[in-house]
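Okay, here's what each chain looks like letter by letter:
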Amino acid sequence: IIMKFISDTMFLLSNGLLIPVIIGLLLLFLLALLMLGGLIERAQRYKRLQRRYFSHPRENSDELLNRLRSELCSDSGKQDHRDLFEELLKELLNAPSAQRELLIGEYELRLDKRLTYPQVLTKFGPILGLMGTLIPMGPALVGLSSGDMATMAYNMQVAFATTVLGLFVSAIGYLVLQRLHRYHHQELIYIDYIDELLNQADNEKR
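Residues numbered from 1 in each chain as written. Predicted model: local features only at pLDDT ≥ 70, side-chain atom pairs only at ≥ 80, totals over all residues. Heavy atoms only, no water.

Undergrad: What is the right way to look at the packing of aromatic side chains in this model?
TA: The description of two aromatic rings rests on the distance between their centres and on the angle between their planes. Tallied over the full model, the rule gives six aromatic pairs. Relative to phenylalanine 168, the ring of phenylalanine 29 lies with its centre 5.5 Å away and its plane at 45°, an arrangement referred to as tilted. Within this pair, whereas phenylalanine 29 is found in helix H2 (residues 18–54), its partner phenylalanine 168 is found in helix H8 (residues 149–205), the two being separated by 139 residues in sequence. Put simply, the rings of Tyr53, Phe85, Tyr190 and Tyr193 touch in pairs and so form one group of aromatic residues. (Phe/Tyr/Trp six-rings, centres within 6.5 Å; stacked < 30°, edge-to-face > 60°. Helix = DSSP H or I, 4+ residues; strand = E, 2+ residues; numbered from the N terminus.)

Below, the structure written as structure tokens:
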């Protein structure tokens, strides 16, 4: 009797989770679509930065620093069109060594925060998809045992739909996560390069 009570309670609790799981999957699906649009914008931004900074021919260190100071520090009227990466470069060019380390560390934290939502999609998409698959299986088996094929078919439909939705959300999250990792890694490589050039220039002045 006790085991039957426990099993019935667990069955009711698991069935009660189906609606929150479906709502969660729908919210993640909307978030995935928004992140796809954001990824397109980030890709265009990365191409612009690559043309202006990353793919530029290797210059003499003094020439490179002077060019950056000329482009970033003189066009104050274009400040509204700069992003955080260019603002960081501008601050690095005018900051002492200790402050540059702080600025770079804070920028790395900002980049990590941008990865939060893709990581949520990657991890919670399969979790909610699996929950949405397993929860309707119980009522489906009950319908099968009682000969209610309509109930079984409906619950199986819900199970398959949540599985596909969860996998789609996870795939989008993984794609966005990998692309952002690449973009962020390239930015940090260039920032470390500029910081090293500034350190060398500081040492030569001493």
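Undergrad: Just to check I follow, could you spell out the pattern of salt bridges for this structure?
TA: One side chain can pair with another of opposite charge once the charged atoms of both are near each other. Scanning all chains against the criterion turns up seven salt bridges. The salt bridge involving glutamate 86 is made with arginine 52; its shortest N-O contact spans 2.9 Å. Of this pair, glutamate 86 sits in helix H4 (residues 84–93) while arginine 52 is found in helix H2, placing the two residues 34 residues apart along the sequence. We note a salt bridge from arginine 100 to aspartate 195, for which the minimum N-O separation is 2.9 Å. One end of the pair, arginine 100, is in helix H5 (residues 97–114); the other, aspartate 195, is in helix H8, and 95 residues separate them in sequence. As far as the burial class goes, arginine 100 and aspartate 195 line up, both buried. When salt bridges with common partners are traced through the structure, they connect Arg42, Arg45, Arg48, Arg52, Asp83, Glu86 and Glu187 into a single cluster. (Salt bridge = Lys/Arg side-chain N within 4 Å of Asp/Glu carboxyl O. Buried < 20%, exposed > 50% of the residue type's maximum accessible area, 1.4 Å probe, protein only.)

Undergrad: Please clarify how the nonpolar core should be interpreted in this entry.
TA: It is characteristic of soluble globular proteins that their nonpolar side chains tend to be buried jointly. By size, the foremost hydrophobic cluster in this structure holds 43 residues, and its most contacted members are Tyr53, Leu68, Phe85, Tyr190 and Ile194. Those elements giving two or more residues to this core turn out to be H2, helix H3 (61–74), H4, H5, helix H6 (116–134) and H8. Here this core takes 14 residues from H8, the largest share from any one element. Setting aside residues up to four positions removed in sequence, leucine 68 forms contacts with Tyr53, Cys73, Leu93, Tyr190 and Ile194. (Core = buried A, V, L, I, M, F, W, Y, C linked by side-chain atoms within 4.5 Å. Contact = heavy atoms within 4.5 Å.)

Undergrad: It is not clear to me how the environment of glutamine 157 should be interpreted in this structure. Could you clarify?
TA: Here glutamine 157 lies in helix H8. Taking the C-alpha atoms as reference, glutamine 157 lies 31 Å from threonine 116; in sequence the two are 41 residues apart.

Undergrad: Can you walk me through the packing of H5 against H6 in this structure?
TA: When two helices pack together, their arrangement is given by the angle between their axes and by how far apart the axes lie. Relative orientation of the contacting elements H5 and H6 amounts to 35°, with a least axis distance of 4 Å. Each of Asp112, Lys113 and Arg114 in H5 lies in contact with H6, whose residues at this interface are Thr116, Tyr117 and Pro118. Looking at the contact of H5 with H6, its residues break down into two nonpolar, one polar and three charged. (Axes fitted to C-alpha atoms, helices over the stretch in contact; angles between N-to-C directions. Nonpolar A, V, L, I, M, F, W, Y, C, P; charged D, E, K, R; others polar.)

Undergrad: Would you explain a negative patch on the surface in this entry?
TA: A surface patch of negative charge is lined by Glu108, Asp112, Asp192 and Glu196. For the negative patch, the secondary structure elements donating two or more residues are H5 and H8. Structurally, aspartate 192 is set in helix H8. (Patch = residues over 30% accessible without salt bridge, like charges linked within 9 Å, V, L, I, M, F, W, Y side chains within 5 Å. Areas by Shrake-Rupley, 256 points an atom, 1.4 Å probe, with all protein chains shown as cover. Lys, Arg positive; Asp, Glu negative; His and termini not counted. Charge placed at Lys NZ, Arg CZ, Asp CG, Glu CD.)

Undergrad: Would you explain the side chain of aspartate 195 in this entry?
TA: With a relative accessible area of 12%, aspartate 195 lands in the buried category. Polar side-chain contacts of aspartate 195 include one of 2.9 Å to the side chain of arginine 100. Once you skip the residues sitting within four places of it in the chain, aspartate 195 turns out to touch Arg100 and Ile104. (Polar contact = N/O pair within 3.5 Å; in protein donor to acceptor, adjacent residues only side chain to side chain.)

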